[in-house]
Structures are given as structure tokens and as C-alpha cells.
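Survey of secondary and tertiary structure
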Amino acid sequence: MDCIQPLYKLCGTRTGYRWVIEGDIRACFDKIPHEHLLDAVARRIADTSILTLIRRFLKSGIMIERTLVQSSEGTPQGGIASPLLANIYLHRFDEWYSQHYGVPDKQTDKRAYLAWQRRRFKGKDQAAVQMFRYADDWILVIRGTKAQAQDIKEACKAFLRDDMGLELSEEKTRITHIEDGFDFLGFRIFRCNKPSNGRKVGVFMRPTDKGLKRVQAKIKAMTTSSTTNDDYINKIQAINAVIRGWATYYRAVNPTETFHKLDNYIWLRLRKWLEKKYRIGPKEVRRRYMPHQAGPKGGRDEFAAQDAEGKWVWRYRATQTKLIYHRPTIKRHWPHPYLEKVKVEHSILPTLKDMWPGNKTAPEYEANRREVLKRANGKCERCGRATKLTVHHHHRVQWRKTPKNADHRPETMEALCQSCHEKEHRAEMIYRMKQIHKKQEQASER
């Protein structure tokens, strides 16, 4: 959040920072020259054994579809040291920016600060630039004209090409006005100069549309028709874990509108999933699986289930996340997280080693299936034929007024061959059709 939160103050209506250069280095990790990178590392590390180890790591090659490809440049993405090495190399870009556009620290380098102040007073039309970089994602926020922003962009392009051997992507490196908005580190950042659409004047940040679609795709994978054998309570817990983590990441900005969209999407996906699982309509889903949850304004009906101890597990809404307000002042007062003693918020993370993601078969179901197959010892438990076996539920769902979740105990499952399995399902289908026909006859007699 150190790259995001300062933009609230910096891009406000009173500061004059209007233009943003959205920097994108084409194939940054793949195009870093090895020799230049090793020279940058050797500026701070003199141990030849470490330098030799890094060189071997860079020259070790990349495995692509079981074929070893020699690497002459770049740091392999996914490597344990690649992000650190790329950050060390791009530090030269930070130094270049600080030398040409940065504001010297008055306390540590007073002479450079006074020289910068004289240049600023002489050239009143000189643009002010602030840089924010996280790995290979960076932006330059400029107080000046668009022409000045274009000149700064060309200067960055020339330095990266001539001194660092990197290339800016012309398609993705854009100069954007703050009112039009831009995407940075998963946030959509824009400014409103006039009250509109229920928004006040100021800078607003929300999750990007790509981020919203990505988490919606994850929820969709967790609630497809192929997952209807999963337990209802486990499904709620898995979805809650995803939404709680995603919403916590965006809790320090303005995510309420996006959170409402996500909550509505999850509500529809869960309702359709329950309809397919129990073969019931939306009214029955609301009556059976959405008890009333007490709360302000009379509460609401919400998806919930009871665990083995009788405790209710409710669906977690993204809008339940408590938003925090954090707005740092000016840049030289921001605390350095690695050098200064600052109070850091501590969060307790889940420590489950085998947390169920929700889009795969529940772990207890998998374990019981293995136990049933082991019990059968490779032979069908109906006809005794040794062939490929399938685990069949005697009673997958208890059909009562309030149907319960599928019973996954080994005693309620049976290992059958394909022929016996098809006969079992055919008999089950005939029985259900008879029941439906019987109900229709009783309704017509009335």
C-alpha cells in the first residue's frame, strides 16, 4: 500500500499533479542483460562465491516442455531469486530518476537541496515528478503540461534502452490524465473534479475490472455443476476464505461499489448451485438454506449451514469487511518499513496445511472413497467381477422435507463395476419417475 496510499494526497485537486506516465517494460524479466546485472550486484557484494553462484543460476538454462533451453539473458520467472535480482537491477532506474527529477533530502544533503531549490526558482515552468515503483510496475506522476510529460517519457525510454538494455512497450506505456483514470497494482485510480454519480470531489481508488473478473472466475469454478457432491457447509467456508482475503486487500481504498457487485454475483452462484445439488427451485432454496440473520434494519435472509456442533456458519459478504482510513502526508515523512521503527498492523493468517479450496472434491470424501476401493480389493461388491471400479452412494441425498447434505461415510458407499453402476442408476431413475407419476395422479384426483 506504500505505492498506492500517497496518491490520495498527491493527485488531489489542490496539488496540480494531473498527468501520469504508466510505465511498462517489455518482457522485463526476460531481457535483463546478465553482465549488467552481475555488475549491479557486485556494487554491494564482494564475495566471489556468491557472485559465482548467481552467475550459475542465471546461466543454468530454462526447461520448456522437457527441453533445456540455454539462457543468455533475463532472470527466469518463478525462480527463487528472480524478483530480488530484477529489483536490484531496476534500482539503477531509481537512481537515475532521483538524480534528474527527485528532491534531495534537506537533512542529509543540504547542498544538493539548495541547488535543486535554485533550479526550481529559476525555471518556474519546470515539471515536478514523483515516481512510484513496485518491481517492474512503475508510474510517474507529473505536475506540468502534457508536452513536459512526453519529454520525460522519452528521457526514460532513452535511459532504459541505452544504459540498461531494456525497452519500453509503446502500446502499454501511456500518458493519462488523472481524471481519465489508470490501473496500477490492481487498483483503478481516478479523480472527480465535480460531484457526479454519488461521488464527492477528490481522488478515488477501487479494484480493477480485471481483478473483479478474476475472483468471479474463481467463485464460478467453485460452484460448477461438477462440484454438487461437495458438502454445503464446506462450500460456504471455502467461499468465505476467498472473499475475506480478497476484500481485506482492498479495504484501505474505496471498494464498496465493487464489493456489492461481488456479493450479488456470489448470491446468484450459490443459489444456482443449491438448485442443481438438491434439484429444487429458488423458492425452496430460500426457505431451506437461507435462515434469517439478525442485524441492523431488521436483518436479512442469508446462506448458512450448521456444523457438527450445531453452530451456524454464515456466508461472508465482502461488504462486511471493515474499511480502514490511511492517508500519509507528504513524501519525505513516509516511514521506511525496513529502516524505521513503525507500528505495523498484525493479522492472524490461517495455518491449516490442507485448506480446502472449494473447487475440488472435499478431502473427507476423497479419503472415504479410497477406503471403499481398498475394501473391495479390486472386485465389484455386487457381482464379484475383477475390473475397473466406481464408488457409488447408496443414499447421496436424504430426500425429506429438509434434505441434508450427502452422506460420505464408507458404510453408505459401495464399489461397483460399470455394468452394476448403470443398473443401479437406472433403477433409481425408474423409482423417481414412478414417484413423480404417482404424485401427478394424486393431484389430478383432487
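Read on for a plain summary of the structure. (Residues numbered from 1 in each chain as written. Predicted model: local features only at pLDDT ≥ 70, side-chain atom pairs only at ≥ 80, totals over all residues. Heavy atoms only, no water.)

Here's the deal with the sheet that holds strand β7 (residues 182-184)
Across the sheet, three strands lie side by side as β7-β8-β9; this open sheet has antiparallel pairing. Looking at the sheet topology across the chains shown, the edges are occupied by β7 and β9 (202-207). The average undirected angle you get between the axes of adjacent strands in this sheet is 30°. Where β7 and strand β8 (residues 187-192) come together, three bridges link them in antiparallel fashion. Note on β8: the bridge partner recorded for F184 is F187. (Pairing = 2+ DSSP bridges. Helix = DSSP H or I, 4+ residues; strand = E, 2+ residues; numbered from the N terminus. Axes fitted to C-alpha atoms, helices over the stretch in contact; angles between N-to-C directions.)

Details of the sheet that holds strand β5 (residues 137-143)
Reading across the sheet, the four strands line up as β4-β5-β1-β6 and stay open at both edges, with antiparallel pairing between neighbours. The open sheet is flanked by β4 (128-134) and β6 (174-177), the only strands paired with a single partner. Sheet twist, expressed as the mean angle between neighbouring strand axes with direction ignored, is 20°. Examined bridge by bridge, β4 and β5 share seven bridges and lie antiparallel to one another. Along β5, the bridge assignment pairs Y134 with D137. Contacts between helix α5 (residues 82-100) and the sheet are confined to β4 and β5, with β4 contributing the most and set at about 175° to the helix. Packing against the sheet, helix α7 (residues 146-162) makes contact with β1 (19-24), β4, β5 and β6, and its axis sits at approximately 145° to β5. (Contact = heavy atoms within 4.5 Å.)

As for the side chain of R317
Within the element layout of this structure, R317 appears in the loop between β13 (312-314) and α12 (363-376). Here the side chain of R317 touches E302 through a polar contact of 2.6 Å, side chain to side chain. Other than its neighbours up to four places away in sequence, R317 contacts I243, D263, R300 and E302. (Polar contact = N/O pair within 3.5 Å; in protein donor to acceptor, adjacent residues only side chain to side chain.)

Focus: the environment of I62
Locating I62 in the fold gives a position in strand β2 (residues 62-64). Taking the C-alpha atoms as reference, I62 lies 7.2 Å from P76; in sequence the two are 14 residues apart. Not counting residues up to four positions away in its chain, the partners in contact with I62 are T67, L68, V69, S71 and P76.

Digging into the packing of aromatic side chains
Overall, the coordinates contain 15 aromatic pairs when judged by the stated rule. Taking the centre distance of 5.0 Å and the plane angle of 15° together, the rings of W96 and F159 count as stacked. Of this pair, W96 sits in helix α5 while F159 sits in helix α7, and the two are 63 residues apart along the sequence. Since its relative accessible area comes to 11%, W96 is described here as buried. Ring centres 6.0 Å apart and planes at 25° place the aromatic pair F190 and F204 in the stacked group. One end of the pair, F190, is in strand β8; the other, F204, is in strand β9, and 14 residues separate them in sequence. Take F190: its relative accessible area is 11%, and that puts it in the buried class. Over the aromatic face of Y316 sits the side chain of R244, whose NZ or CZ is 4.4 Å from the ring centroid. (Phe/Tyr/Trp six-rings, centres within 6.5 Å; stacked < 30°, edge-to-face > 60°. Buried < 20%, exposed > 50% of the residue type's maximum accessible area, 1.4 Å probe, protein only. Lys NZ or Arg CZ within 6 Å of the ring centre and 35° of its normal.)

Here we look at the side chain of T223
Topologically, T223 is positioned in the loop between α8 (209-222) and α9 (232-249). For T223, the side chain forms a polar contact with the main-chain oxygen of I219, separated by 2.9 Å. Setting aside residues no more than four positions away along its own chain, T223 makes contact with I239, R269 and W273.

Thoughts on unusual backbone geometry
Its identity as a non-glycine residue notwithstanding, A135 has a phi of 60°, on the positive side. Relative to the helices and strands, A135 resides in the loop between β4 and β5. One non-glycine residue, R279, adopts positive backbone phi at about 55°. Mapped onto the fold, R279 is located in the loop between α10 (256-278) and α11 (282-289). A residue is classified by how much of its surface remains accessible, and R279, at 55% relative accessible area, is exposed.

Considerations on the pattern of salt bridges
Following the criterion strictly, the structure yields 24 salt bridges and no others. The shortest N-O distance in the salt bridge between K235 and D230 comes to 3.1 Å. Residue classification places K235 among the buried positions, given a relative accessible area of 0%. For R382, the salt bridge goes to E414, with nearest N and O atoms at 3.1 Å. (Salt bridge = Lys/Arg side-chain N within 4 Å of Asp/Glu carboxyl O.)

Let's talk about the packing of helix α3 (residues 34-42) against α5
Where α3 contacts α5, the axes come no closer than 9 Å and their chain directions differ by 85°. In terms of orientation, α3 and α5 fall into the roughly perpendicular class. Between α3 and α5, the residues in contact are H36, L37, A40 and V41 and L85, I88, Y89 and R92, respectively. Along the lines of polarity and charge, the residues of the contact of α3 with α5 split into six nonpolar, one polar and one charged. (Parallel < 35°, antiparallel > 145°, perpendicular 65-115°, else oblique. Nonpolar A, V, L, I, M, F, W, Y, C, P; charged D, E, K, R; others polar.)

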